[in-house]
Amino acid sequence: MKIHDNILGTIGNTPVVRINRLAPSHVNLFVKIESFNPMSSVKDRLALGIIEDAEKSGDLKPGQTVIEATSGNTGIGLAMVCAQKGHPLVVTMAESFSVERRKLMRFLGAKVVLTPAPLKGSGMVQKARELAEQHGWFQTRQFENESNADMHSRTTAPEILQAFDGRQLDYWVTGYGTGGTLKGVARVLREKSPATKIVVCEPELAGLLTGGIEQKRNADGSPAESHPSFSPHPMQGWTPDFIPKLTGDAMDAENSDAVLTVANPDAMACSRNLAQQEGIFVGISAGATFAAALAVAETAAEGANILCMLPDTGERYLSTPLFEGIEAEMSAAEQELSASTPSCQFEPA
Ligand code: PMP
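Figured I'd write up the structure that's included with this text.

Calculation notes
- Residues numbered from 1 in each chain as written.
- Predicted model: local features only at pLDDT ≥ 70, side-chain atom pairs only at ≥ 80, totals over all residues.
- Heavy atoms only, no water.
- Phe/Tyr/Trp six-rings, centres within 6.5 Å; stacked < 30°, edge-to-face > 60°.
- Helix = DSSP H or I, 4+ residues; strand = E, 2+ residues; numbered from the N terminus.
- Buried < 20%, exposed > 50% of the residue type's maximum accessible area, 1.4 Å probe, protein only.
- Axes fitted to C-alpha atoms, helices over the stretch in contact; angles between N-to-C directions.
- Parallel < 35°, antiparallel > 145°, perpendicular 65-115°, else oblique.
- Left-handed = near helix turned anticlockwise from the far one by under 90°.
- Contact = heavy atoms within 4.5 Å.
- Nonpolar A, V, L, I, M, F, W, Y, C, P; charged D, E, K, R; others polar.
- Pairing = 2+ DSSP bridges.
- Polar contact = N/O pair within 3.5 Å; in protein donor to acceptor, adjacent residues only side chain to side chain.

1. Things to note about the packing of aromatic side chains
Here the structure, examined in full by the defined rule, presents three aromatic pairs. Measuring from centroid to centroid gives 6.5 Å for Phe 281 and Phe 323, while their planes differ by 75 degrees, and the two rings are edge-to-face. Remark: Phe 323 occurs in the loop between β10 (305–310) and α12 (332–339) and Phe 281 occurs in the loop between α10 (264–278) and α11 (284–299); sequence separation between them is 42 residues. Look at Phe 281 and you get partly exposed, because its relative accessible area is 38%.

2. Regarding the packing of helix α5 (residues 146–154) against helix α9 (residues 245–252)
The interhelical angle for the contact between α5 and α9, taken along N-to-C directions, is 60 degrees, at an axis separation of 9 Å. The orientation of α5 with respect to α9, classified from their angle, is oblique. In this structure, α5 meets α9 at a crossing whose hand is right-handed. Contacts between α5 and α9 pair Glu 146, Asn 148 and Ala 149 from the former with Lys 245, Leu 246 and Asp 249 from the latter. Classifying every residue of the contact of α5 with α9 gives two nonpolar, one polar and three charged.

3. Regarding unusual backbone geometry
Not every positive phi belongs to a glycine, and Asn 13 is a case in point at roughly 50 degrees. Among the secondary structure elements, Asn 13 is positioned in the segment before β1 (16–18). Of the residues examined, Asn 13 reaches a relative accessible area of 65% and is grouped as exposed. With phi around 55 degrees, Glu 254 is a residue other than glycine that occupies positive phi space. By the element assignment, Glu 254 lies in the loop between α9 and β9 (258–262). Since its relative accessible area comes to 61%, Glu 254 is described here as exposed.

4. Considerations on the sheet that holds strand β3 (residues 66–69)
The sheet built from four strands is open, its strands ordered β5-β4-β3-β6 with parallel pairing. Bordering the open sheet on either side are β5 (111–115) and β6 (138–139), each of which pairs with just one other strand. By the bridge criterion, four bridges tie β3 to strand β4 (residues 89–94) in an arrangement that is parallel. Each residue of the ladder has a partner; that of Ala 69, found in β4, is Thr 92.

5. Re the side chain of Asn 28
As for its placement among the helices and strands, Asn 28 is situated in strand β2 (residues 28–33). Given the relative accessible area of 19%, Asn 28 is considered buried. At a separation of 3.0 Å, a polar atom in the side chain of Asn 28 contacts the side chain of Arg 18. Within the structure, the side chain of Asn 28 is placed 2.9 Å from the side chain of Asn 305, a separation counted as a polar contact.

6. Points about the sheet that holds strand β7 (residues 171–174)
The strands making up a sheet are joined through hydrogen bonds of the backbone, oriented either antiparallel or parallel. Strand order in the open sheet made by the six strands is β1-β2-β10-β7-β8-β9, with mixed pairing throughout. Both edges of this open sheet fall to β1 and β9, since each of them pairs with a single strand only. Across the sheet, the mean angle from the axis of one strand to that of its neighbour is 25 degrees, orientation sign disregarded. Of the strand pairs in this sheet, β1 and β2 are connected by three bridges, and their pairing is antiparallel. The partner of Arg 18 across the bridge, within β2, is Phe 30.

In structure tokens, the structure reads:
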């Protein structure tokens, strides 16, 4: 164990773990658990990568305010990095994302400016752009910023290669939010592990890649309009209402071998099953990615090695449909257990 100079040194190097009960017996299924990052998601990597690149290039001055449009995890990662480095942070976020996320960012010292839900992801981005221009702030532009993908090429990809040193990785399965993970890891795998099949997944309700309709873009790569194949889905952090530039780049480079869609109930069930049968506590997009990995496993050859990305922790979803049916009060079965011995019985009001 080493002593870190500050919290930022603990970002990355997340564990790869074997799945035991949930995997079909003819394959080896592994997960890379990004909730081991200090703020419990894959986005801690992007936050550090973008801020340090901008500091080096001079785009971000000491003490300058940072602004980003984010569904949460990017804002939470940025809030941690900005707090450590002394940059004020402003986040724009649609009101529809979970309340825990707003509170976490505010706890870390950030300001959170909400935007109306019907204006979707594009509304958040438009507001961030306006605020950045008006106040002279540094906008991280996570959906187009190459530093996002570069950080994954520098950290996530080599970690995967190292974990699978001496064992062929047959499939790597990921979703996309910005596509930073996809673009950054896929291009390294193509070069260093060309036999690895790259499987991209997206919500059934938002089949932007599977639908085949092109994304209209502005000159800077940002979306010119909402994508017609989008409809709202509960997989927070996955597929916004446009195909991000970084995702488009990975697809254009043919760094994807298959695109699968995942239905909501499958994502929710996989997240619960990972918790209850493997002890792995992750969010909805992780459940969704795992559902796609199980679909890959079904048709994979005997002995195939499959790696599935798990982007964040389940703790971020207490107020969402993921926790539907998980009550605070005792169930009838729990009350019966309480009554089965004489002492310390709790009477509900
Ligand atoms: N899942 C969750 C919960 C996320 O927050 C994100 C990032 N938005 C992703 C998946 C996708 O990661 P990426 O932006 O690298 O595509």
